[in-house]
Amino acid sequence: MDEQSASTKPQRLANLDAIRGVGVLGIFFLNIYFMGNSFYGYAPHAVQPIGDIAIELFSNFFLEGRFFSLFAMLFGAGMLIQFQKYQPELTINASQPFLKQQKWRLYWLIIFGIFHGIFIFPGDILLSYGVSGLLAFKYRYLDADALIRKAKWFIFMSLIPISLISLTPDDQVYLRDSTLFIEQLSAWTGSYSDQLFLHFMMLSYMVTVIPLTLMWFIAGLMLIGMALYKREIFSKGLDTKLLRQCLFWAVSLSLVDSVLSFSGNTLLEALSDVILLLSAIACALVYIHVICLVCNNSPQRLSALQNVGKLAFSLYILQSIVGIILLRYIAPQWQQQLDRDGYISIAVIYSVIQLLLAHWYLRYFKQGPLEKLWRYLVLKQS
């Protein structure tokens, strides 16, 4: 999540923090659906309300997968920033302590992810980022063009098993008030020990599939982030030609995704999940461009988003805690009552709270609690 070494490139820090702020706020708009039932997520109606359809269409174009991709690209750029901070003064022998430190950053992120996935929210991304980071970091020496070629290959390799998993038939019907929904609601709002068992089962599944699927996909995104950094896109934004290409693919693929997802055909709906991953990459690049232009590396521009970005790791974990407590303990009945607009309303309200919380916190502290703990643990091992 937060990369402390970004401060070594002050001309880029503002843009990176603003992008990270958008990412951490945006990801809650998607995770909120899974805070109650972390396996199936939102339970649709047999006949979808107009509001649900409109929000799902909006999500297909602007939300789904976009912030996940943003984070992965930023993570890759962050690892490269860390490496370049020390590179000029490193000999082969002297570089070993730094390389050890970078690996321990990723090892600790994996540990945080396992803890988060078992005890708080099994929809964790930290474990995947840590594992993928170990793979992506090996290619830090490549130039931008080589990184893009390698990223395309990684993403292509990941889409094959992802497609096969998506196409696996599921005979169970998960709709609002269905038998499966009632069973799942009872399980996910049961005792904490029962929830831990479900968390452990989900995390075990993730550990099994990550080496085959997400590790390669996320590593590919991280390599794209490294390439963007080497081309100074996090500072200047995309050139006109690349921006037009990204806009074209973002809109076109999102349109295809939407058509397939509403087709009513199980096979086509499964394929839409794969198209979504590709549209998310193009859209994330457009978001990066827009934020870079608006922020323009100024600490005064988008300062509220920059504050959130500086606390991204801590706020990400806090999102899980708040969402789980709200939808499993305080108001579990909302899983039966809320439509998509209700979930979006929760996300909007909590986004405002996070903006205010980040502003208040950074008035008194320079670093988030989990960012500080992560740094301490890494330095202790180095």
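Predicted, not measured: the structure shown is a model, and the values here were computed from it.

### Things to note about the confidence of the model for the protein chain
Link 1 in the chain: On average, residues of the protein chain carry a pLDDT of 90, and 93% of them reach 70 or more.
Link 2 in the chain: In this model residues 2-12 is a low-confidence stretch, pLDDT under 50, and it forms 36 contacts with partners more than four residues away in sequence or in other chains.

### Description of the environment of Gln-335
Link 1 in the chain: Relative to the assigned elements, Gln-335 resides in helix α15 (residues 334-337).
Link 2 in the chain: For Gln-335 and Leu-185, which are 150 residues apart along the polypeptide, the C-alpha to C-alpha distance reads 7.8 Å.
Link 3 in the chain: Residues contacting Gln-335, with those up to four places away along its chain left out, are Gly-36, Asn-37, Arg-176, Phe-181, Leu-185, Thr-189, Leu-327 and Tyr-343.
Link 4 in the chain: A distance of 3.0 Å separates a polar atom in the side chain of Gln-335 from the backbone oxygen of Leu-327.

### Some remarks on the packing of aromatic side chains
Ring pairs (aromatic) are described by centroid distance and by the angle formed between their planes.
Link 1 in the chain: Inspection of the entire model under this criterion finds 25 aromatic pairs.
Link 2 in the chain: Taking 5.8 Å as the distance between ring centres and 70 degrees as the angle between the ring planes, the aromatic pair formed by Phe-68 and Tyr-129 counts as edge-to-face. With Phe-68 in helix α3 (residues 66-86) and Tyr-129 in helix α5 (residues 126-136), the pair connects residues that are 61 residues apart, well separated along the chain.
Link 3 in the chain: Under the relative-accessibility criterion, Tyr-129 is labelled buried at 1%.
Link 4 in the chain: Centroid distance Phe-83 to Phe-137: 6.2 Å. Interplanar angle 85 degrees. Geometry classified as edge-to-face. Here Phe-83 is found in helix α3, whereas its partner Phe-137 is found in the loop between α5 and α6 (144-166), with 54 residues between them in sequence.
Link 5 in the chain: The class for Phe-137 is buried, based on a relative accessible area of 6%.
Link 6 in the chain: Arg-105 extends its terminal NZ or CZ atom over the ring of Trp-374, reaching a point 4.4 Å from the ring centre.
Link 7 in the chain: The lysine or arginine in question, Arg-140, covers the ring of Phe-137, its NZ or CZ lying 4.2 Å from the ring centre.

### Concerning the pattern of salt bridges
Link 1 in the chain: In total, this model carries three salt bridges according to the counting rule given.
Link 2 in the chain: Across the pair Arg-231 and Asp-145 runs a salt bridge, and its minimum N-O distance is 2.4 Å. Of this pair, Arg-231 sits in the loop between α9 (214-230) and α10 (233-236) while Asp-145 sits in helix α6, and the two are 86 residues apart along the sequence.
Link 3 in the chain: Between Lys-236 and Glu-232 there is a salt bridge, with the nearest N and O atoms lying 2.9 Å from each other.

### Overview of a nonpolar patch on the surface
Link 1 in the chain: A cluster of nonpolar side chains, namely Phe-115, Phe-119, Tyr-192, Ile-321, Ile-325, Tyr-329 and Ile-330, defines an oily patch on the protein surface of about 680 Å² accessible area.
Link 2 in the chain: Those elements giving two or more residues to the nonpolar patch turn out to be α4 (95-119) and α14 (312-330).
Link 3 in the chain: Ranked by residue count, the leading element in the nonpolar patch is α14, at four residues.
Link 4 in the chain: Relative to the elements of secondary structure, Ile-330 occurs in helix α14.

### A short note on unusual backbone geometry
Link 1 in the chain: Positive phi, close to 65 degrees, is recorded for Glu-232, a residue that is not glycine.
Link 2 in the chain: Here Glu-232 lies in the loop between α9 and α10.
Link 3 in the chain: Not every positive phi belongs to a glycine, and Asn-297 is a case in point at roughly 55 degrees.
Link 4 in the chain: You can see Asn-297 is positioned in the loop between α12 (266-295) and α13 (303-310).

### So, the nonpolar core
Link 1 in the chain: One finds Met-73, Tyr-129, Leu-221 and Phe-234 to be the most contacted residues of the largest nonpolar core, which totals 111 residues.
Link 2 in the chain: It is α12 that provides the largest number of residues to this core, a total of 14 residues.
Link 3 in the chain: Setting aside anything within four residues of it in sequence, one finds Leu-221 in contact with Phe-68, Ser-69, Ala-72, Met-73, Ile-155 and Ile-281.
Link 4 in the chain: With five residues, the next largest nonpolar core counts Ala-43, Tyr-174, Leu-180 and Phe-181 among its residues.

Analysis parameters
Residues numbered from 1 in each chain as written. Predicted model: local features only at pLDDT ≥ 70, side-chain atom pairs only at ≥ 80, totals over all residues. Heavy atoms only, no water. pLDDT = per-residue confidence, 0-100. Contact = heavy atoms within 4.5 Å. Helix = DSSP H or I, 4+ residues; strand = E, 2+ residues; numbered from the N terminus. Polar contact = N/O pair within 3.5 Å; in protein donor to acceptor, adjacent residues only side chain to side chain. Phe/Tyr/Trp six-rings, centres within 6.5 Å; stacked < 30°, edge-to-face > 60°. Buried < 20%, exposed > 50% of the residue type's maximum accessible area, 1.4 Å probe, protein only. Lys NZ or Arg CZ within 6 Å of the ring centre and 35° of its normal. Salt bridge = Lys/Arg side-chain N within 4 Å of Asp/Glu carboxyl O. Patch = residues over 30% accessible without salt bridge, like charges linked within 9 Å, V, L, I, M, F, W, Y side chains within 5 Å. Areas by Shrake-Rupley, 256 points an atom, 1.4 Å probe, with all protein chains shown as cover. Core = buried A, V, L, I, M, F, W, Y, C linked by side-chain atoms within 4.5 Å.

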